[in-house]
Structures are given as structure tokens and as C-alpha cells.
Amino acid sequence: MEKSAVIETGTTKEYVHSVAFPLSDEGKAALEKFSKSQLKLVQLKVDTTKETLELATAKAEVTVGSLGSEISASEPRFTFFFYPHSFNDETFNSALFIYSCPNEAPVKQKMLYSTVKAVAVGCAEEKGVKIDKKLEVTDASEVAENYLLEEIHGKTEEAKKGFARPARPGKGGPRLVKK
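Nothing here was measured: the structure is a model prediction, and the numbers come from that model.

Enquirer: Before we go on, may I ask you to explain helix α1 (residues 25–35) in this structure?
Expert: Each turn of an α-helix holds 3.6 residues, which means side chains three or four residues apart point in the same direction. For α1, the full list of buried residues reads G27, A30, L31 and F34. Seen along its axis, α1 keeps its buried residues to an arc of 100°; they face one direction. Along its buried surface, α1 packs onto β1 (41–47), β2 (52–59), β3 (77–87), β4 (90–100) and α3 (107–126). One or two residues past the end of α1 sits S37, with phi positive at roughly 60°.

So this is what it looks like as C-alpha cells:
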């Protein structure tokens with residue numbers, strides 16, 4: 001009597017210090033559209049009852065000015081955003097990953113989202129999203145154009161002035177002397 005065993009392997013990835021929450025079909029479809037620049041904003045949230053990453057929002061038109069209002073002020077979110085902008089006479093379309101975790105969020109949610117963050121990034125990369133910059137914010141109002149430019153391109157440094165050493169005594173310019 002012969003016995004045979006079939007071993008099947010899955011395609012799930014192990015992420016360091018994370019919980020393997022699968023991405024919903026809606027989330028996968030939205031991230032694929034995002035990778036093809038058909039969507040400008042994709043937001044994911046964690047469904048603790050199903051233990052999955054779910055699509056919260058997907059929009060084709062979002063501006064930097066309205067981005068802060070798209071981010072939840074009470075719950076953590078994973079936001080993927082295409083940021084078209086100009087810098088030093090060059091045009092960029094940067095793909096940003098913004099992990100927002102408000103201070104008002106419950107501690108359990110903060111801990112869960114911080115461990116699932118790597119899974120969200122991994123799922124996006126598997127769908128072809130090339131993330132240019134990863135950001136973490138606690139308040140949606142932090143996400144402003146100046147902040148994004150500074151994070152992507154660094155601080156623009158003005159011409160640094162060296163320390164101006166004072167002239168030696170007696171070697172300075174002419175003095176006015178009253179007679």
C-alpha cells in the first residue's frame with residue numbers, strides 16, 4: 001500500500017515584526033489602479049473583526065490642499081498619494097506612503113497599525129507601486145505642501161554666511177573724532 005502526500009506552498013510573505021493581514025480584493029484592485037496612475041489617492045484601514053486590510057477610500061482627483069481633510073482625525077490610516085509638483089524647474093510625480101496615527105486613537109489601534117504598516121507597504125510594492133517617500137504623521141494638518149516638499153527634497157538651504165570675525169583693534173575703518 002503506497003501513500004502519497006502533496007505539499008502546497010502559498011505566496012504569503014513574512015514581514016519582520018508584523019502581523020500578516022491579507023489585503024482585500026477591493027484594496028488590491030485600487031493599488032493596481034494607483035500603480036498605473038489611474039488613482040491619485042488610496043487609503044487602507046485595518047478591519048480587526050476580519051483581520052484584513054480593507055480599502056477605506058480611493059479617489060482619482062485629490063489636491064495637496066484637500067489631502068489633510070481626506071486623512072482621518074480619529075483613526076489610523078495608510079494613505080498612498082501621488083503628489084505632482086515642481087521643484088528647481090523640474091516636474092515630479094512622487095508616490096508617497098503616509099502612515100497617519102492620531103494621538104486620540106486607542107492604544108490597541110496604534111499598536112496594531114504600527115505592526116501592519118510593513119504589510120501595507122509590501123502589498124503596494126507587490127502591486128507595482130514604487131514608493132518614493134514614506135512619511136508618518138500624527139495630525140492631518142501636518143500634511144501641507146511645504147511639509148511634503150521639505151520631506152521629499154530636503155530643506156532648501158540659503159547661502160550660509162560664515163562667522164564674520166571682527167577687525168583687530170586699531171585696524172578697523174576710520175573713526176569719526178569730534179574736535
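Enquirer: Please explain the pairing of strand β5 (residues 133–137) as it appears in this structure.
Expert: In summary, the side chains of a regular strand alternate between the two faces of the sheet. Pairing analysis gives 5 bridges linking β4 to β5, with the strands arranged parallel. Bridge pairing in β5 links L96 to K133. In this fold, the crossover linking β4 to β5 by way of α3 has right-handed handedness.

Enquirer: Looking at this structure, how should I read the confidence of the model for the chain?
Expert: Any region with low pLDDT has predicted coordinates that should not be read closely. Of the residues in the chain, 81% reach a pLDDT of 70 or more, and the chain-wide mean stands at 82. Mean pLDDT in the chain bottoms out at helix α4 (residues 145–153), which sits at 83, and peaks at β1, which reaches 93.

Enquirer: How should the pattern of salt bridges be read in this particular structure?
Expert: Pairs may arise between side chains of opposite charge once their charged atoms sit close together. Applying the stated rule across the entire model yields 6 salt bridges. In this structure, the salt-bridge partner of K59 is E70, at a minimum N-O distance of 2.9 Å. Separated by 11 residues along the polypeptide, K59 in strand β2 and E70 in helix α2 (residues 64–70) bring together distant segments of the chain. A relative accessible area of 31% means that K59 is categorised as partly exposed.

Rules behind the numbers
Residues numbered from 1 in each chain as written. Predicted model: local features only at pLDDT ≥ 70, side-chain atom pairs only at ≥ 80, totals over all residues. Heavy atoms only, no water. Buried < 20%, exposed > 50% of the residue type's maximum accessible area, 1.4 Å probe, protein only. Helix = DSSP H or I, 4+ residues; strand = E, 2+ residues; numbered from the N terminus. Arc of directions from axis to C-beta. Contact = heavy atoms within 4.5 Å. Pairing = 2+ DSSP bridges. Right-handed = clockwise from strand over helix to strand, strands pointing away. pLDDT = per-residue confidence, 0-100. Salt bridge = Lys/Arg side-chain N within 4 Å of Asp/Glu carboxyl O.

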